[in-house]
2 protein chains.
Amino acid sequence: MENKIIRIGIVGYGNLGRGAELAIEKQSDMTLVGIFTRRAPSDVQPVFTNTHVYAYEELSQYQDKIDVLILCGGSASDLPQMSPELVTMYNIVDSFDNHAKIVDHLHHVQEAATKSGKVGVISVGWDPGLFSMNRVLGEIVIPDGGTHTFWGEGLSQGHSEAVRRVTGVKHAVQYTVPIEDVLEKAREGIGADLSAADRHKRVCYVVADEKDYERIEQEIKTMPDYFAPYETTVHFISEAQFLKDHQKMKHGGFVIRSGNTSSENKQAYEFSLALDSNPKFTASVLVAYARAAFKLNQFGETGAKTAFDIPLSFLSPNPEKI
Amino acid sequence: MENKIIRIGIVGYGNLGRGAELAIEKQSDMTLVGIFTRRAPSDVQPVFTNTHVYAYEELSQYQDKIDVLILCGGSASDLPQMSPELVTMYNIVDSFDNHAKIVDHLHHVQEAATKSGKVGVISVGWDPGLFSMNRVLGEIVIPDGGTHTFWGEGLSQGHSEAVRRVTGVKHAVQYTVPIEDVLEKAREGIGADLSAADRHKRVCYVVADEKDYERIEQEIKTMPDYFAPYETTVHFISEAQFLKDHQKMKHGGFVIRSGNTSSENKQAYEFSLALDSNPKFTASVLVAYARAAFKLNQFGETGAKTAFDIPLSFLSPNPEKI
């Protein structure tokens, strides 16, 4: 295979797109052709002043200038359309994370990519992605056991948003936190059947007027589904402290597989991430899989791929050294 | 690909071979044709009474009855000859773990396997193997950082043997133990340049006559290379306690990658194993890669492969479900 610089396009420019722009800058074998946005290109401020910004509608004109598109849209409404559509023109990689619909998404991308002769790598990032790989590998090497996934300590966008909708709340974040005892027991192989609410607690930091504290705390703790089944703590803090301590999108979690490889011995397998920035880490994983998408296509592969289909050597910028 | 039962042969029957026999029993898509030994077959007592035992010299006669051989010999003298020799007749998998000579071993197996049209999967297990995969993947997704490997808490065969050679020692085991503070700092990204002696302490359990305690402890702690540079503790215990508590071959360790995905954020990636039985876990990994060797060869692949070359879907007994 010729040793060429991989030409990347980023589609969508929120936190994930910004992370991809930063991550590409760190790769010796990649160059960023530009960002494609549905907004007015002049409204997008990239991290690097020399990064080009183009309108989404211009995408079809770059087919001989871009090797892989990194799709940085959302899983709810963007990616289900965007991934099958853009894989008709480009190799793509996405972080589609609606677990219940991954199989459908795979089929749509597979159909389009097989026709176009391109590669579509879907659902990579850390969960789905690295966590999925570890769940599968743990089950393969410890066939007789239980798999335990914990998320956090990390900021949940959905739950933070739910707290912000409570009347009187000025600012709020919600952290999902694994319950330490349950985590310890998972390492002993206990509790594989527990629910998410049994495994996690929810900790909120809220800025509000003091007269509203009691009512707000009550409303949060009794919110169905979001908080009611969980052990929930609400801390009221000042706006200054909120802006100082709660702006990072930290996240992470644990995949634990414990059980027996054969009858009489207990084996424990654990993978964990502690991330200061969830979107920047996800972007870094996407960039590695963009390399894989390009190389797989160079080797004549086409169709939809997940993390399970791709050897690590395809992700590495220096496969000859590993 | 036809959905057939994979027919396995085990070559060598120590702790690893026994682990392989047990692990194959757990696989719905495999059958064990037999164990091949250089000892007199009647001297080998398999776990299951219906397991066949054959002489090593008979191996050439089973080429149409066995799909993959799992080589359970040692890395010092067995595998450097055995793997290139047997891959002339069979798909093989080995756990060659002499890190300094893996590249040579790869070339020898590659040359023989390319000629014979077979697949030789080398150096799989947990280190090299799962740890290698995590070192590489950690470096790919966190390009600007340090990699920290800790072994243990685990029984070291070589160090236990060194203690047993001290005059007056009746029984002894040595455990390698990560130093907790250094492990914590690794998670913060500190100490990637530390030596093995800076990262680990050595804890010995020794059975001896009380009159010899002081001299034995002194001799152990001052033993060059093995113990002198390490923080070493020697516990003298009774023979009964030794036989009760120190017969398991437990092991494990940590691969930590910490650093930045891009300039301003700290990300930590951690993989760990806590194994009651080192050889049984290694055998379980070997069995999964035996499946991969078979499938790769069915797909027309030949030559030497490592863990970096093989997608997870090839390891799974149920790839359609992952």
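Residues numbered from 1 in each chain as written. Chains lettered and ligands numbered in written order. Predicted model: local features only at pLDDT ≥ 70, side-chain atom pairs only at ≥ 80, totals over all residues. Heavy atoms only, no water.

Chain A appears in an unreviewed UniProt entry as Meso-diaminopimelate D-dehydrogenase from Paracerasibacillus soli. Checking UniProt for chain A, the heading Catalytic activity (unreviewed entry) contains the comment "meso-2,6-diaminopimelate + NADP(+) + H2O = (S)-2-amino-6-oxoheptanedioate + NH4(+) + NADPH + H(+)". (UniProt positions renumbered as here; feature names shortened; annotations may be inferred.)

Just to check I follow, could you spell out the overall build of chain A for this structure?
The helix and strand inventory of chain A stands at 10 helices and 14 strands. For a compact globule of 322 residues, the expected C-alpha radius of gyration is about 20 Å, and chain A comes in at 22 Å, within 12% of that figure. The principal-axis extent of the C-alpha atoms belonging to chain A is close to 60 × 60 × 35 Å. Each of the 322 residues in chain A was classed as buried or not, and the buried ones make up 57%. Of the contacts made within chain A by residues no fewer than 6 positions apart, 70% connect residues no fewer than 24 positions apart. Summed over all atoms, the accessible surface of chain A reaches about 13800 Å², with 47% contributed by carbon and sulfur. If the 32 positive side-chain charges of chain A are averaged to one point and the 42 negative ones to another, these points end up 3 Å apart. (Helix = DSSP H or I, 4+ residues; strand = E, 2+ residues; numbered from the N terminus. Rg over C-alpha atoms; globule rule 2.2 N^0.38 Å. Buried < 20%, exposed > 50% of the residue type's maximum accessible area, 1.4 Å probe, protein only. Contact = heavy atoms within 4.5 Å. Areas by Shrake-Rupley, 256 points an atom, 1.4 Å probe, with all protein chains shown as cover. Lys, Arg positive; Asp, Glu negative; His and termini not counted. Charge placed at Lys NZ, Arg CZ, Asp CG, Glu CD.)

What's the story with the packing of helix 4 (residues 130-141) of chain A against helix 4 (residues 130-141) of chain B in this structure? I'm lost.
Geometry of a packed helix pair, given as the angle between the helix axes and the separation of the axes. The geometry of helix 4 of chain A relative to helix 4 of chain B is characterised by a closest axis approach of 13 Å and an angle of 175 degrees between their N-to-C directions. What the angle tells us is that helix 4 of chain A and helix 4 of chain B run roughly antiparallel. Mapping the contact onto sequence places Leu-130, Met-133, Leu-137 and Val-141 of chain A in helix 4 of chain A and Leu-130, Met-133 and Leu-137 of chain B in helix 4 of chain B. The residue makeup of the contact of helix 4 of chain A with helix 4 of chain B, split by class, is 7 nonpolar, no polar and no charged. (Axes fitted to C-alpha atoms, helices over the stretch in contact; angles between N-to-C directions. Parallel < 35°, antiparallel > 145°, perpendicular 65-115°, else oblique. Nonpolar A, V, L, I, M, F, W, Y, C, P; charged D, E, K, R; others polar.)

Help me understand the pairing of strand 11 (residues 231-236) of chain B, please; the structure alone is not making it clear to me.
Both faces of the sheet carry side chains from a regular strand, because those side chains alternate between them. Residue and element names in this part refer to chain B. With burial as the criterion, only one face of strand 11 is covered, namely that bearing Thr-232, Val-234 and Phe-236; the residues Glu-231, Thr-233 and His-235 on the opposite face remain uncovered. In terms of strand pairing, strand 10 (residues 200-207) meets strand 11 through 6 bridges, oriented parallel. Bridging across to strand 11, Cys-204 finds its partner in Val-234. For the crossover that starts at strand 10, traverses helix 8 (residues 213-221) and ends in the parallel strand 11, the hand is right-handed. (Pairing = 2+ DSSP bridges. Right-handed = clockwise from strand over helix to strand, strands pointing away.)

How should the interface of chain B and chain A be read in this particular structure?
You'll often see interface size given as the accessible area lost when the parts meet. In this assembly, 45 residues from chain B lie in contact with 45 residues from chain A. Summed over both sides, the interface between chain B and chain A buries roughly 4000 Å², with carbon and sulfur atoms accounting for 64% of that surface. At the boundary of chain B with chain A, the tally comes to 2 salt bridges. Salt-bridge contacts for Lys-26 of chain B lead to Asp-144 of chain A; the nearest nitrogen and oxygen are separated by 3.1 Å. Joining chain B to chain A, the criterion identifies 18 residue pairs in polar contact (both at pLDDT 80 or more). For the side of chain B that touches chain A, the secondary-structure elements that each account for two or more residues are helix 4, strand 13 (267-275) and helix 10 (278-298) of chain B. Element by element, the count of residues in the side of chain B that touches chain A is highest for strand 13 of chain B, at 9 residues. (Buried area = accessible area lost by both parts, 1.4 Å probe. Salt bridge = Lys/Arg side-chain N within 4 Å of Asp/Glu carboxyl O. Polar contact = N/O pair within 3.5 Å; in protein donor to acceptor, adjacent residues only side chain to side chain.)

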